[in-house]
Amino acid sequence: MKSFKLINLTVLLTSVALAGCDSSDDSSEDTSTSTSTDVSALHSAYAEFDTDNVSVALSGTDVVIETNGLPNHTSPYWSTDNELFVEPTVTSYDEMAPGNIDDFVGTYTLTVAASPEKASTSSSTGLGAIGIAVSGSVIYNDEEGPGIALDNAVGSLDYNGAHTGPQSFHYHLEPVSFSDDDSNLVGVISDGFFLYGRKCNSTGTYPTDLDESGGHTAQTQHSDSEEYHYHIENEVYLGSYYILFPGDYQGTASAIN
Ligand SMILES: [Zn+2]
Ligand SMILES: [Zn+2]
């Protein structure tokens, strides 16, 4: 609907002058002023996303994140002739899921609020992509399929807790290529809240005040004040892993198409 990404800058610079002439785009919202509805700048966390695979743009009060689904790191799931291919270590050729990363080049688009807010009630995640990682690939929850527990598929996961199929190369576990027991940004969840590693930048260690979704309100390396965000919970899974996002959405989730 609101496809004029560049208009945000114009609105920012000349919000008063534009208040009366931008009505074709937002007729109900622009009768007084645009500054309360449009967002002037992307959250600085979005600068962490890989620019080769992911594009991020403001659209009014929303952020549109689009990725080709490819990870910017090595994996045994790349075709052997790809420069990012590595031999399997955590998994094995016998256990790996069918398909190579190269088979899943696509377009995955997520639109979230630029300033997301918690919903009045939480909502469960579903199968398929529930977030987009800074690497370019998508994030799944702790289920492998309808009625199939992740435990049954762990053997196929590569050293980043990721594998292929049926629609994407995707992460289930802590992706150690870009978050390994630290406070790094992992990605954005479909409700617009950011997902960080197991530690919080506000304290430098594991947060102790997380809600049932692994979230809390604290300052991050990307914010000047406290804001709600998720963490990979520091709970060991199957001896040596950490599940990325087993909880419910605390905000209002959008589909990733
Ligand atoms: Zn999976
Ligand atoms: Zn935190």
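Preceding this section is the structure that the text describes.
Residues numbered from 1 in each chain as written. Chains lettered and ligands numbered in written order. Predicted model: local features only at pLDDT ≥ 70, side-chain atom pairs only at ≥ 80, totals over all residues. Heavy atoms only, no water.

1. Some points on the coordination of the zinc ion (ligand 2)
In an ideal tetrahedron of four donors about a metal, each angle is 109.5 degrees. In an ideal octahedron of six donors, the angles are 90 or 180 degrees. Cut-off, in case you're wondering: Metal-coordinating donors are taken as N, O and S atoms lying within 2.8 Å of the metal, or within 3.2 Å when the metal is Na, K or Ca; because water is left out, some sites can appear incomplete. Here a site with four donors is tetrahedral if all angles are between 85 and 135 degrees, and a site with four or six donors is square planar or octahedral if opposite donors are over 155 degrees apart and the other angles are between 65 and 115; anything else gets the irregular label. Helix and strand labels come from DSSP, where a helix needs a run of H or I of at least four residues and a strand needs a run of E of at least two; each type is numbered from the N terminus. Using a 1.4 Å probe on the protein chains alone, a residue whose accessible area is under 20% of its type maximum counts as buried, one over 50% counts as exposed, and one in between counts as partly exposed.
Each protein donor to the zinc ion (ligand 2) is listed here as C200 (SG), H216 (NE2), H229 (NE2) and H231 (NE2); together their distances run 2.0 to 2.2 Å. Note that the zinc ion (ligand 2) binds four donor atoms; their angles at the metal cover 101 to 124 degrees, and the shape is tetrahedral. All donors of the zinc ion (ligand 2) come from a single chain, and their spacing in sequence reads C-x15-H-x12-H-x1-H. Here H216, found in strand β12 (residues 215–218), pairs with H229, found in strand β13 (residues 227–231); they are 13 residues apart in sequence, far enough to count as distant. Taking the relative accessible area as the measure of exposure, H216 reaches 6% and is therefore buried. Note on H229: relative accessible area 0%, which makes it buried.

2. A few points about the coordination of the zinc ion (ligand 1)
Looking at the zinc ion (ligand 1), the protein donor atoms are E144 (OE), H163 (NE2), H170 (NE2) and H172 (NE2), and they sit 2.1 to 2.4 Å from it. Around the zinc ion (ligand 1), the four donor atoms are arranged such that angles at the metal cover 85 to 166 degrees; this shape is classified as irregular. Of note, the donors binding the zinc ion (ligand 1) are all from one chain and are spaced E-x18-H-x6-H-x1-H. Of this pair, E144 sits in strand β6 (residues 143–145) while H172 sits in the loop between β9 (169–171) and β10 (185–189), and the two are 28 residues apart along the sequence. Residue E144 is classed as partly exposed on the basis of its relative accessible area, which comes to 24%. Note on H172: relative accessible area 0%, which makes it buried.

3. Here we look at the sheet that holds β9
What counts is decided by this rule: Strand pairing is assigned whenever DSSP identifies at least 2 bridges connecting the two strands.
Spatial strand order, β8-β9-β5-β4-β10-β11-β13-β12: eight strands in an open sheet with mixed pairing. Of all strands in the sheet, those bounded by a partner on one side alone are β8 (162–164) and β12. When β12 meets β13, the two strands line up antiparallel, connected through four bridges. By the bridge assignment for β13, T217 is matched with Y228.

4. Thoughts on the pairing of strand β1 (residues 54–59)
Pairing between β1 and strand β2 (residues 62–67): six bridges, direction antiparallel. From the neighbouring strand, S55 faces β2, where its bridge partner is E66. Joining the antiparallel neighbours β1 and β2 is a turn of two residues, in which G60 adopts a positive phi near 65 degrees.

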